Amino acid sequence: KMAKDILDAVYGCLIGGAIGDALGAPTEGMYYSEIKEKYGRLEVFLPNNTYYTNGKPGSITDDSTLRHYMCYAIVKKGGRITPDDFAEVWRTKLNPKRLWASETIVYERIKWGINPWEAGHGCIPAGCASMCIAPIGIINAGNPEQAYQDGYCIARVNQEGDNVDFAATLAAAVSVAFIPGATVDDIINAMYKY
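First, a word on scope: everything that follows refers to the structure included in this document.

### A closer look at the overall build of the chain
Okay, so step 1: A count of helices and strands for the chain gives 9 helices and 0 strands.
Okay, so step 2: When the helices and strands of the chain are placed in sequence order, the string is α-α-α-α-α-α-α-α-α.
Okay, so step 3: Over its C-alpha trace the chain gives a radius of gyration of 17 Å, about what one expects of a compact globule, namely 16 Å for 194 residues.
Okay, so step 4: Here the chain holds 194 residues, and 42% of them are scored as buried.
Okay, so step 5: Excluding contacts between residues fewer than 6 apart, the proportion of contacts in the chain whose partners are at least 24 apart in sequence is 62%.

### Remarks on the state of the cysteines
Covalently bonding the sulfur atom of one cysteine to the sulfur atom of another cysteine gives a disulfide.
Okay, so step 1: Tallied over the full model, the rule gives 0 disulfides.
Okay, so step 2: Cys-71 takes part in no disulfide bond, and the closest cysteine sulfur, belonging to Cys-13, lies 8.5 Å away.
Okay, so step 3: Among the residues examined, Cys-71 registers a relative accessible area of 18% and is labelled buried.

### Quick word on the pattern of salt bridges
Okay, so step 1: Applying the stated rule across the entire model yields 6 salt bridges.
Okay, so step 2: We note a salt bridge from Lys-77 to Asp-85, for which the minimum N-O separation is 2.9 Å.
Okay, so step 3: Under the relative-accessibility criterion, Lys-77 is labelled partly exposed at 45%.
Okay, so step 4: You can call Asp-85 partly exposed: its relative accessible area is 22%.
Okay, so step 5: Across the pair Asp-150 and Arg-80 runs a salt bridge whose closest N-O atoms are separated by 2.6 Å. Pair noted here: Asp-150 is in helix 7 (residues 144-155) and Arg-80 is in the loop between helix 3 (62-77) and helix 4 (83-92), with a separation of 70 residues, a long-range link.
Okay, so step 6: For Asp-150, a relative accessible area of 7% gives the class buried.

### Thoughts on helix 1 (residues 6-24)
Okay, so step 1: For helix 1, with 19 residues, the first-to-last C-alpha span of 27 Å sits near the 27 Å given by 1.5 Å per residue.
Okay, so step 2: Taken together, the buried positions of helix 1 are occupied by Leu-14, Ala-18, Asp-21 and Ala-22. Axial view of helix 1: buried residues confined to an arc of 100°, hence all on one face.
Okay, so step 3: Where helix 1 is buried, its residues contact helix 3 and helix 6 (134-139).
Okay, so step 4: Among the residues of helix 1, the N-terminal cap falls to Asp-5, whose side-chain oxygen and the backbone nitrogen of Leu-7 are separated by 3.2 Å.

Rules and cut-offs
- What you see as residue numbers is a count from 1 along each chain, following the sequence as written.
- Totals for whole chains, interfaces and linings use all residues, but because this is a predicted model, local features are given only for residues with pLDDT of at least 70 and pairs of side-chain atoms are given and counted only at 80 or more.
- Side-chain calculation: all heavy atoms of the structure are included, whereas hydrogens and water are not.
- Every helix listed is a DSSP run of H or I at least four residues long, and every strand listed is a run of E at least two residues long, numbered separately from the N terminus.
- It is over C-alpha atoms that the radius of gyration is taken, and the globule rule equals 2.2 Å times the number of residues to the power 0.38.
- Only protein chains enter the calculation, and the probe is 1.4 Å; a residue is then buried if its accessible area is under 20% of its type maximum, exposed if over 50%, and partly exposed in between.
- We call two residues in contact when some of their heavy atoms are within 4.5 Å.
- Note on terminology: pairs of cysteine sulfur atoms within 2.5 Å are recorded as disulfides.
- One speaks of a salt bridge when a side-chain nitrogen belonging to Lys or Arg is within 4 Å of a carboxyl oxygen belonging to Asp or Glu.
- Helix span is expected to be 1.5 Å times the residue number reduced by one.
- Here, the arc refers to the directions that run from the helix axis to the C-beta atoms.
- Here a polar contact is recorded for every N or O atom pair within 3.5 Å, except that within protein the pair must consist of a potential hydrogen donor and a potential acceptor, and residues adjacent in sequence are included only if both atoms are side-chain atoms.

In structure tokens, the structure reads:
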């Protein structure tokens, strides 16, 4: 189904991410073969007993939590954000009980005054930036080059190295997905380009 307007597309992107997060939460950290053996094909929400969720079926994880805090930072600023803007939300609004180990380290670093542009240095390479980067693509809808640049900067808050590059590439892909009439090939080509 095509989005009826930009707000519908934003809602679809964010709620779709949260649904996927909640659906996959019980399998986090498992190999495909383990998931297939234990669950078959996951088509319903199951309990998730990770320490940073409430355990109920349909619970979101740190993936959606950080994505929504990033949205908060964007709304608070009224547009594109910097690592300083995102870190301010971590300092003042973020609930550390909703974080995974690597993010907890970043939270403490930010709280103690580490430069947000470097807070992700040395963190566990876990894709923590990628899971929450979609709002950067949204706020840069139709401008994948700027989405990549902003994504690269924002991803440094909680990751380093290849994980920063991947998050930035994903932000560019989301940006292209918001172009009316964009195809899967358009999105993939943007990912290769950036």
